[in-house]
Amino acid sequence: MANSKSPGKGDEVVVRVIALEHVSSNQMISVLRPLLPQWSNIASYSPGNVLILLGRAANLERIAEIIRNVDKA
């Protein structure tokens, strides 16, 4: 599993868990799903308000940057 210290590289397939502070994880799914390739997956764990993403490391880093920009007070 990828984390901030070892997010994976390039085409490596990784899983990322991203906690949200200001935006609902359920709402983010509808925004992010169109940005992911068809074979990638995204899920929401509502009690913890986290997103769980599966995909290529480079693409998920781009998605994580979008999430950081949107998840602001």
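Structural data are supplied above this passage.
Residues numbered from 1 in each chain as written. Predicted model: local features only at pLDDT ≥ 70, side-chain atom pairs only at ≥ 80, totals over all residues. Heavy atoms only, no water.

Asks: Account for a nonpolar patch on the surface, naming residues and giving values.
Replies: Together, Val13, Trp39 and Leu54 line one region of the surface with nonpolar side chains, adding up to about 260 Å² of accessible area. As for its position among the elements, Trp39 is in the loop between helix 1 (25-32) and strand 2 (41-45). The exposure class of Trp39 is partly exposed, given its relative accessible area of 43%. (Patch = residues over 30% accessible without salt bridge, like charges linked within 9 Å, V, L, I, M, F, W, Y side chains within 5 Å. Areas by Shrake-Rupley, 256 points an atom, 1.4 Å probe, with all protein chains shown as cover. Salt bridge = Lys/Arg side-chain N within 4 Å of Asp/Glu carboxyl O. Helix = DSSP H or I, 4+ residues; strand = E, 2+ residues; numbered from the N terminus. Buried < 20%, exposed > 50% of the residue type's maximum accessible area, 1.4 Å probe, protein only.)

Asks: Give a detailed account of the sheet that holds strand 2, specifying residues and quantitative values.
Replies: With antiparallel pairing, the three strands of this open sheet are ordered in space as 1-3-2. This sheet does not close on itself; its edge strands, each paired only once, are strand 1 (13-19) and strand 2. Within the sheet, the average angular offset between the axes of one strand and its neighbour, ignoring direction, is 15°. Relative to strand 3 (residues 50-56), strand 1 runs antiparallel, the two being bridged by seven bridges. If you follow Val15 over to strand 3, its bridge partner there is Leu54. With respect to the sheet, helix 1 is in contact with strand 2 and strand 3, its orientation differing from that of strand 2 by roughly 165°. Here helix 2 (residues 57-70) sits on the sheet in contact with strand 1 and strand 3, set at roughly 150° to strand 3. (Pairing = 2+ DSSP bridges. Axes fitted to C-alpha atoms, helices over the stretch in contact; angles between N-to-C directions. Contact = heavy atoms within 4.5 Å.)

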